[in-house]
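# What the coordinates show
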Amino acid sequence: MKLLSGSELVDFIKERQAKQVRNLKQAHHIHPTLAIVRCNTQSDVISTYVRLKQAYGDDIGVEVAVYSETPDSLIARIESLNEDDSVHGVIVQLPVTPADLTEGAIEAVMADKDVDGLSSHAQFDPATPTAILWLLAGYNINLEHVAIVGRGRLVGAPLEKMLRNSGVDVMSYDETSADVLPEELRKAKVIITATGQPGVITADMIAQNAVVVDAGTASEGGVIRGDVAHDVRERQDLTITPERGGVGPLTVAALFDNVLLAARRVAESRQN
Ligand SMILES: NC(=O)C1=CN([C@@H]2O[C@H](COP(=O)(O)OP(=O)(O)OC[C@H]3O[C@@H](n4cnc5c(N)ncnc54)[C@H](OP(=O)(O)O)[C@@H]3O)[C@@H](O)[C@H]2O)C=CC1
Ligand SMILES: Nc1nc(=O)c2c([nH]1)NC[C@@H]1CN(c3ccc(C(=O)N[C@@H](CCC(=O)O)C(=O)O)cc3)C=[N+]21
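In this text, all values refer to a predicted model and were calculated from it rather than measured experimentally.

## Describing the UniProt feature "domain: Tetrahydrofolate dehydrogenase/cyclohydrolase catalytic" (unreviewed entry) in the protein
- Here the UniProt feature "domain: Tetrahydrofolate dehydrogenase/cyclohydrolase catalytic" (unreviewed entry) sits at residues 4-116.
- With 50% helix and 14% strand, residues 4-116 has its two end C-alpha atoms placed 24 Å apart.

## Side note on the pairing of strand 6 (residues 170-173)
- For strand 5 (residues 146-149) and strand 6, the ladder comprises 4 bridges, and the chain directions are parallel. Across the sheet, the residue bridging to Ala147 is Met171, located in strand 6.
- In this region the chain leaves strand 5, passes through helix 6 (residues 156-165) and returns to the parallel neighbour strand 6; the handedness of that crossover is right-handed.

## Thoughts on the site of ligand 1
- Within the structure, ligand 1 sits among 22 residues, and Arg151, Val155, Glu175, Thr217 and Thr251 are positioned closest to it.
- Between a nitrogen atom of ligand 1 and a main-chain N or O atom of Ala215, the distance comes to 3.3 Å.
- Alone, ligand 1 offers 940 Å² of accessible surface; in the complex the protein occludes 74% of this.
- Take the shell around ligand 1: its biggest share by element is 3 residues, from helix 8 (residues 247-271).
- Taken together, the residues that form the shell around ligand 1 break down as 7 nonpolar, 11 polar and 4 charged.

## Considering the side chain of Ser5
- Looking at the secondary structure, you find Ser5 in the loop between strand 1 (2-3) and helix 1 (6-28).
- In this structure Ser5 comes out as buried when scored by relative accessible area, which is 14%.
- Of the polar contacts made by the side chain of Ser5, one reaches the backbone nitrogen of Glu8; its length is 3.1 Å.
- Dropping the residues within four chain positions of it, Ser5 is found in contact with Leu135, Tyr139, Pro242 and Gly245.

## Details of the nonpolar core
- One finds Leu34, Tyr56, Val115, Ile132, Leu136, Ile192 and Phe256 to be the most contacted residues of the largest nonpolar core, which totals 50 residues.
- Here the element with the most residues in this core is helix 8; it accounts for 12 residues.
- If you count residues domain by domain, this core takes at least three from each of domain 1 (28-110) and domain 2 (127-248).
- Filtering out sequence-adjacent residues up to four positions away, Val115 remains in contact with Leu34, His88, Gly89, Val90, Ile91, Phe124, Asp125, Leu255, Asn258, Val259 and Ala262.

## Things to note about the site of ligand 2
- Near ligand 2 lie 14 residues; those nearest to it are Val92, Leu94, Asp116, Arg244 and Gly245.
- Between ligand 2 and the protein, one listed contact pairs a nitrogen atom with a backbone N or O atom of Val92 at 2.7 Å.
- Pro249 has a polar backbone atom sitting 3.4 Å from an oxygen atom of ligand 2.
- When isolated, ligand 2 has an accessible area of 680 Å², and the protein chains bury 83% of it.
- Put simply, the parts of the chain that give the shell around ligand 2 at least two residues each are helix 2 (44-60) and helix 8.
- Considering every element that reaches the shell around ligand 2, the biggest residue donor is helix 8, with 4 residues.
- Among the domains, domain 1 (28-110) and domain 2 (127-248) are the pair contributing at least three residues each to the shell around ligand 2.

Reading the values: rules and limits
Residue numbering note: each chain is counted from 1, following its sequence as written. Working convention: letters from A go to chains and numbers from 1 go to ligands, in the order in which they are written. Selection of residues for local features in this predicted model requires a pLDDT of at least 70, selection of side-chain atom pairs for listing and counting requires 80 or more, and totals for whole chains, interfaces and linings are taken over all residues. Side-chain metrics rest on all non-hydrogen atoms present in the structure, leaving aside hydrogens and water. UniProt positions are given in the numbering used here, feature names are shortened, and annotations may be inferred rather than shown by experiment. We count a stretch as a helix when DSSP gives it H or I for four or more residues in a row; a strand needs E for two or more, and each element gets its number in order from the N terminus. Strand pairing follows a simple DSSP-based rule, namely that at least 2 bridges must link the two strands. The definition of a right-handed crossover adopted here requires that, viewed with the strands pointing away, the path from the first strand over the helix to the second runs clockwise. Near residues are defined by distance, with any heavy atom within 4 Å of the molecule or strand qualifying the residue. Nitrogen and oxygen atoms within 3.5 Å of one another constitute a polar contact, given that in protein one can donate a hydrogen and the other can accept it, and given that sequence-neighbouring residues count only through two side-chain atoms. Each accessible area is a Shrake-Rupley result for a 1.4 Å probe, and residues are judged covered by the shown protein chains and nothing else. Nonpolar residues are Ala, Val, Leu, Ile, Met, Phe, Trp, Tyr, Cys and Pro. Charged residues are Asp, Glu, Lys and Arg, and all others, Gly as well, are polar. Burial classes: relative accessible area under 20% of the type maximum marks a residue as buried, over 50% as exposed, and values in between as partly exposed (1.4 Å probe, protein chains only). By the convention used here, residues are in contact when the closest approach between their heavy atoms is within 4.5 Å. Put simply, a nonpolar core is a bunch of buried Ala, Val, Leu, Ile, Met, Phe, Trp, Tyr and Cys residues held in one set by side-chain atoms that sit within 4.5 Å of each other. Domains are outlined according to an automatic or database domain assignment.

What follows is the structure, encoded as structure tokens:
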């Protein structure tokens, strides 16, 4: 079994980003700032992800401000962050409760600050698909016979679009294709899964010597579980993301890449 370690790649990226931050501060007097807006009932898992982003920001010198809102104050907060020149990126931490506020909240983030790249007017590439492409490129994985399981907003749908845009043929599946999935997946050389359904991908669905990227992070009683079943990890022929330190750390790194890009654009617009 070969591991696709995101943690191993992240240190190089972090060093580059810390340098960029120093330059923005020294040469342009810009203190890159990310605002995280959450609107949900108290959730430990969400708090963990928010903390990870804060810790990463601390490490590279980016200010991270967290706003906990109610359904009534959510949009007004996003609008005031849109107006605030000291803020370069605004993300709505998902899931939002109630779920029917999600679309409106994501669309309310102005294009220049939509560093999650989730709105219909997005200018930035979304973080998790970028992270997955970095991981595959970092380990020289050939992008042939690629299958994506899950067509969600954060991972599957934007990843499919990005791969197609770069000329890669992909097959993609959601819950409606569950009955053909085992047979279809066995044809894939690279499987990227992001369903949030623990254990849906079992060893018998995966071809010999395949590459498996598991981006699933379901929470079961406080324990984070991926999409691949335990028997997959017993397969010695696979190249696969570790249970921890796979896509996750690179997702955070990719988000901050967008924050720095947004801040640099502000610096450039001031010079012109
Ligand atoms: N590691 C990381 O850095 C990150 C991980 N994540 C995780 O990635 C996962 C996906 O998130 P997100 O993109 O928001 O997706 P969503 O939760 O919005 O959607 C899930 C997708 O998976 C599909 N699906 C569900 N069950 C099956 C099944 N049995 N077989 C095939 N497809 C299925 C759904 O299909 P249908 O619509 O037909 O039900 C849907 O397209 C989550 O676990 C999330 O926590 C997200 C961001 C970052
Ligand atoms: N608007 C929005 N954008 C997101 O990008 C977004 C989101 N909402 N909601 C939740 C998901 C989930 N997500 C993860 C980030 C980091 C790790 C990560 O770094 N995980 C560590 C382990 C973390 C730990 O438990 O200590 C690892 O895989 O090794 C995982 C998952 C981003 N998400």
